[in-house]
Amino acid sequence: MTASGAAPLLAVEDLRVAFGRRGALVEAVRGVSLTVHHGEIVALVGESGSGKSVTARTLLGLAGADARVTARRLEFDGIDLTRQDRAGWRRLRGRRIGLVLQDALSSLDPLRRVADEVAEAQRDDVSRARRRARVLELLAEVGLPDPPTQARQYPHQLSGGMRQRALIAAALAGAPDLLIADEPTTALDVIVQAQILDLLGDLRAAGRAVLLISHDLAVVSRLADRIVVMREGVVVESAAAGEVLGSPAHEYTRALLAAVPSAATRGRRLAAPAAPQRPAEVPTVPVPVAPVAEVPVVEIPVADVPVVQEPVLAAEGLAKRFRDPHDGWRDAVIDVSFELRAGEALGLVGASGSGKTTLVRMLLGLLEPDTGEVTLDGQPWSGVAESARRPRRGDLQAIFQDPLGSFDPRLTVGALLGEALALAGVPRAGRRDAAVRRADQVGLPAALLRRRPAELSGGQRQRLAIARALIRQPRVLVCDEPVSSLDVSIQAQILDLLTDLRAELGMTLLFVSHDLGVVRHLCDRALVMHAGRIVEAGEVETVFTAPRHEYTRALLAAVPVLRAVRPGTLSAQLPTIEVGR
């Protein structure tokens, strides 16, 4: 916490960042003001496009060559950041101000080993042996399971969660006074996430400052001393964390809190029926606290989906192993058996490296099991030639965490849907109208059919992925972390969409996620995977409220708690206080 009257380490007043040419400038950040003190964690929250990341990059001089940056005050430890040249920024970046970005794969050099990335920010006067030892210490601190092995590997040889941890280790290597962490735990499971949050808490205890950018309000509530809420480039609310979460003053903050999925949100929609109209003048900090006890929680019942008892997809004794870097063998999946019943939503949870992705690839017919069998509608799905599987692939479709990587970047939205419609046998003359209908079914305006995937927002891309998957009228939709990279309001819209489609089409879902709150909100049953095995299975409420296996209990214990505790306010009625439990 900060000492009363102490000068802030970072001071920002009336920051404005615009892009474009004169006469056609677009302001992405409009009058942002905030401070961060030594020994303090300040959280910057808001949905995609709110200006959070642009603000963070500007603090490191990384807004871009075409950015126009102005501020009444922009200082770090008394240094005027508006007057820094390239040499000045080099002195600050890494060693005074560290940065952790969400996309670790593009942030890490693909041609350098992890040890070299982490060692780069250390001081030049440190011996090679001490550098090596410090690299291993940092990799262990961020929760990598085998630091000597991971230190020798390249980024592409690590899982997404491991890459994110390596990036955090690299940012900490220079011992910066201020760490800017932009969605640092998005790709991590709850156990590793808890380790990283503890590490950030340790930095605060050591007197370091952290500017945490996150859409995960439970993470924010666990760590932040103060919260700054941004919307459309403007700060709409700023106060102590307990005040923002316990008695939110702005309607946008209340909408964000109401969109958090949990057990208490089962049977109701997460997203508000209509977005609130943007006011002509959006107030900047400080925002007076308004009473919110009378604000109602929107309850819109969700139709029950009948679950038929016969299995549509089944796994029996699946096993798969891979060679490890030491020429040994690593068991990724061990003797996994389960059934997915028609009409149900089955959640698959587990930590990074537990075998979830390998299992999903075998279920989709993208990877053959070493032993065991997968059946689809009682017929063999694994162990058969692809020519025999291809006519039935429409029955089993998938959407993934990164939909952009699933699309041909050269094609428009309309062309992408047209390809799928052609495979479904729709005549060329009818494809345009069919594409419009499919887009409308998932809430994509027809005007977007002319755009390319890179021109869509994250939520729009995921809607496109769902629309494309539904064209084949699948019996089963496999959802592999489909909302983990989305902010809470867009996540709510996608979860509502999946619920609607399930009720409308009687669709069966296999939902893979490390977000236990999402699984509890959406699913009927849950499977818990650990070290390649299914260690627990059952009705979702039973698994979450009376876990039998110690690993399940450890998962639940690691879930961050949304600490909004003022009775009689909206926050007391929000999704549950304990998000995943």
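Here, every reference points to the structure presented above.
Residues numbered from 1 in each chain as written. Predicted model: local features only at pLDDT ≥ 70, side-chain atom pairs only at ≥ 80, totals over all residues. Heavy atoms only, no water.

Observations concerning helix α14 (residues 413-423)
Convention followed: Exposure categories follow from relative accessible area, calculated using a 1.4 Å probe and restricted to protein chains: below 20% of the type maximum is buried, above 50% is exposed, and the middle band is partly exposed. Each helix corresponds to a stretch of at least 4 residues labelled H or I by DSSP, and each strand to a stretch of at least 2 residues labelled E; elements are numbered beginning at the N terminus. In this analysis, two residues are considered to be in contact whenever any of their non-hydrogen atoms come within 4.5 Å of each other.
Taken as a whole, α14 has its buried residues at V413, L416, L417, G418, A420 and L421. The elements touched by buried residues of α14 are α15 (428-441) and α16 (458-470). G425, located one to two residues past α14, shows a positive phi value of around 90°.

Some details on the packing of aromatic side chains
Here is the rule we go by: Any Phe, Tyr or Trp ring, taking Trp's six-membered ring, that has another such ring centre within 6.5 Å forms a pair; planes under 30 degrees apart are called stacked, those over 60 apart edge-to-face, and the others tilted. The criterion for a charge sitting over a ring is simple: Lys NZ or Arg CZ within 6 Å of the ring centre, and within 35 degrees of the ring normal.
Applying the stated criterion across every chain, the model contains zero aromatic pairs. Above the plane of the ring of W381 lies R389, whose end atom (NZ or CZ) is 5.8 Å from the centre.

A short note on a positive patch on the surface
Using the following cut-off: Patch membership is restricted to residues that have no salt bridge and whose relative accessible area is over 30%. Joining uses 9 Å for like charges and 5 Å for the nonpolar side chains Val, Leu, Ile, Met, Phe, Trp and Tyr. Accessibility throughout is a Shrake-Rupley quantity obtained with a 1.4 Å probe, and a residue counts as covered only by protein chains that appear here. Whenever Lys or Arg places a side-chain nitrogen within 4 Å of a carboxyl oxygen from Asp or Glu, that contact is recorded as a salt bridge. Charge counting follows a simple rule: Lys and Arg are positive, Asp and Glu are negative, and His as well as the terminal groups are ignored. Here the site of a charge means NZ on Lys, CZ on Arg, CG on Asp, or CD on Glu.
Side chains of R86, R90, R91 and R93 sit close together on the surface and give a patch of like positive charge. Position of R91 relative to the elements: it lies in helix α2 (residues 86-92). Judged by its relative accessible area of 59%, R91 is exposed.

Details of the side chain of E183
Rules: Here a polar contact is taken to be a pair of N or O atoms separated by no more than 3.5 Å, where protein atoms must pair a possible hydrogen donor with a possible acceptor and residues adjacent in sequence count only if both atoms sit in side chains.
Position of E183 among the secondary structure elements: in the loop between β8 (178-182) and α8 (190-205). Buried within the structure, E183 lacks any salt-bridge partner; K52 is the closest side chain of opposite charge, at an N-O distance of 4.8 Å. Here the side chain of E183 touches H215 through a polar contact of 3.1 Å, side chain to side chain. Setting aside anything within four residues of it in sequence, one finds E183 in contact with K52, Q102, Q164, I213, S214 and H215.

Quick notes on the pattern of salt bridges
For the coordinates displayed, the defined rule picks out 28 salt bridges. With a closest N to O distance of 3.3 Å, R112 and E120 form a salt bridge. For R112, a relative accessible area of 25% translates into the label partly exposed. We note a salt bridge from R341 to E344, for which the minimum N-O separation is 4.0 Å. E344 shares its class with R341; the two are buried. The network of salt bridges with common partners includes E13, D14, R16, E27, R72, R73 and E75.

Quick look at the nonpolar core
Using the following cut-off: We call a set of buried Ala, Val, Leu, Ile, Met, Phe, Trp, Tyr and Cys residues a nonpolar core when their side-chain atoms join them within 4.5 Å.
In terms of nonpolar packing, the biggest core is built from 78 residues, with I227, L417, I466 and F511 touching the most fellow members. Element by element, the count of residues in this core is highest for helix α17 (residues 488-505), at eight residues. Leave out the neighbours within four places in its chain, and L417 touches A435, A439, L449, L464, A467, R468 and I471. Grouped together as the second largest cluster of nonpolar side chains are 38 residues, L139, V142, V219 and L223 included.

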